[in-house]
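Structural overview for review
Residues per chain are reported as follows:
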Amino acid sequence: MESLFEFLDDKWWLVFPAIAFAGHWTNSLRKAGERRHQRRVELYTLKNQSRELERASAADVEALVATHDAINKRWLDYELDVGKLIDFPLMTDVREPLTVAFLRAKREADGQRPDSPADMASPSRLEAYRKAVNSFAVALDVAEREARRIRDSKFTGPERERLATARQLLRIAGDHAATPAERQAAYKRARRELDGLIVLPDATVAALEGQVAPGLDAGREPSDFRHH
């Protein structure tokens, strides 16, 4: 023990390096603890940001589906209103490139549409769906502008008269003040006037018959309608 004290008495200056080493070691432990804490904070922040991004993605999908629905409704306004189809026959003329283009774009957008926002977790799928919806909107805009520009100009004078007659007959067929016999007669004659002039999609015929002639046996299949 005495020799230990003699050693310490002689080497007292070693205390300072020891203190410095201990301080350095303590400081290293403190910094390591701070780094671990910082990593935990960063991981927590990233997890929260990920949750926020997931919620934002779901909101984006819902907004995009709503836009898709609005565009589809614009098309359905034609498909379910024979009066609009008479006014703008290009909208169902599949010989017209613009009509074919927007119908193709519609099929593409409908094919990309998710059953629910949760089904579209991939950002690439969301982007593909967004492009499809935008293409559908643009294609429909272009077809509508062209349909309004040309209206019935591609028909001959007698054919335009038949379209005008069919429009008047359909008003009678939809007039609840008319008798059932008058409505049915007007509806049947309107179909004869339109036959061979414009395409009436099956949905249009079904909506028309349900609206103006419930229970009517029209006597012909919807496919009997052919475009001029």
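Quantities reported herein were computed from a predicted structural model and do not represent experimental measurements. (Residues numbered from 1 in each chain as written. Predicted model: local features only at pLDDT ≥ 70, side-chain atom pairs only at ≥ 80, totals over all residues. Heavy atoms only, no water.)

Now for the overall build of the chain. Looking only at helices and strands, the chain has eight helices and zero strands in total. Ordered by position from the N terminus, the helices and strands of the chain form the series α-α-α-α-α-α-α-α. Split into buried and exposed, the 228 residues of the chain put 29% on the buried side. Restricting to contacts in the chain with at least 6 residues of sequence separation, those with at least 24 account for 72%. (Helix = DSSP H or I, 4+ residues; strand = E, 2+ residues; numbered from the N terminus. Buried < 20%, exposed > 50% of the residue type's maximum accessible area, 1.4 Å probe, protein only. Contact = heavy atoms within 4.5 Å.)

Looking now at the pattern of salt bridges. Under the defined criterion, the tally for this structure stands at 14 salt bridges. In this structure, the salt-bridge partner of Asp-69 is Arg-113, at a minimum N-O distance of 2.7 Å. Remark: Arg-113 occurs in the loop between helix H4 (97-112) and helix H5 (123-150) and Asp-69 occurs in helix H2 (residues 15-79); sequence separation between them is 44 residues. Residue classification places Arg-113 among the partly exposed residues on the basis of a relative accessible area of 29%. Residue Asp-110 is joined to Lys-106 by a salt bridge in which the shortest nitrogen-to-oxygen separation is 3.0 Å. Linking Asp-110 with Lys-106, this pair stays in helix H4, spanning four residues, or about one helical turn. On the accessibility criterion, Lys-106 (17% relative accessible area) is buried. Here the residues in one salt-bridge network are Arg-74, Asp-141, Glu-144 and Arg-148, joined through shared partners. (Salt bridge = Lys/Arg side-chain N within 4 Å of Asp/Glu carboxyl O.)

You can see Ala-132 is positioned in helix H5. The contact partners of Ala-132, leaving out residues within four places of it in the chain, are Ala-105, Glu-108, Ala-109 and Gln-112.

Moving on: the packing of aromatic side chains. This structure, assessed with the given rule, holds two aromatic pairs. Taking 6.3 Å as the distance between ring centres and 80° as the angle between the ring planes, the aromatic pair formed by Tyr-78 and Phe-88 counts as edge-to-face. Of this pair, Tyr-78 sits in helix H2 while Phe-88 sits in the loop between helix H3 (82-87) and H4, and the two are 10 residues apart along the sequence. Positioned over the ring face of Tyr-78 is Lys-84, at 4.2 Å from the centre of the ring. Between the NZ or CZ atom of Arg-148 and the centre of the ring of Phe-88, over which it lies, the distance is 5.3 Å. (Phe/Tyr/Trp six-rings, centres within 6.5 Å; stacked < 30°, edge-to-face > 60°. Lys NZ or Arg CZ within 6 Å of the ring centre and 35° of its normal.)

Ile-86, Met-91, Phe-102, Leu-194 and Ile-198 are the most contacted members of the largest nonpolar core, which totals 43 residues. Those elements giving two or more residues to this core turn out to be H2, H3, H4, H5, helix H6 (157-173), helix H7 (180-194) and helix H8 (202-212). Ranked by residues supplied to this core, first place goes to H5 with 11 residues. Among all residues touching Ile-86, those that are not within four sequence positions of it are Leu-163, Ala-166, Arg-167, Leu-170, Leu-194 and Ile-198. (Core = buried A, V, L, I, M, F, W, Y, C linked by side-chain atoms within 4.5 Å.)

Inspection of the secondary structure puts Ile-71 in helix H2. Sequence spacing of Ile-71 and Asn-134 is 63 residues, and the spatial spacing of their C-alpha atoms is 9.7 Å. In this structure Ile-71 touches Val-133, Phe-136, Ala-137 and Leu-140, once residues within four positions along its chain are discounted.

Before going further, it helps to examine H5. Relative to the 40 Å expected for 28 residues at 1.5 Å per residue, H5 spans 41 Å between its end C-alpha atoms, a close match to the ideal helical length. Positive phi appears at Arg-151, one or two residues downstream of H5, with a value of about 45°. (Expected span 1.5 Å × (residues − 1).)

Mapped onto the elements of the fold, Thr-92 is located in the loop between H3 and H4. Residue classification places Thr-92 among the buried positions, given a relative accessible area of 5%. Ignoring any residue separated from it by four or fewer positions in sequence, one finds Thr-92 in contact with Trp-75, Leu-85, Thr-99, Val-199 and Pro-201.

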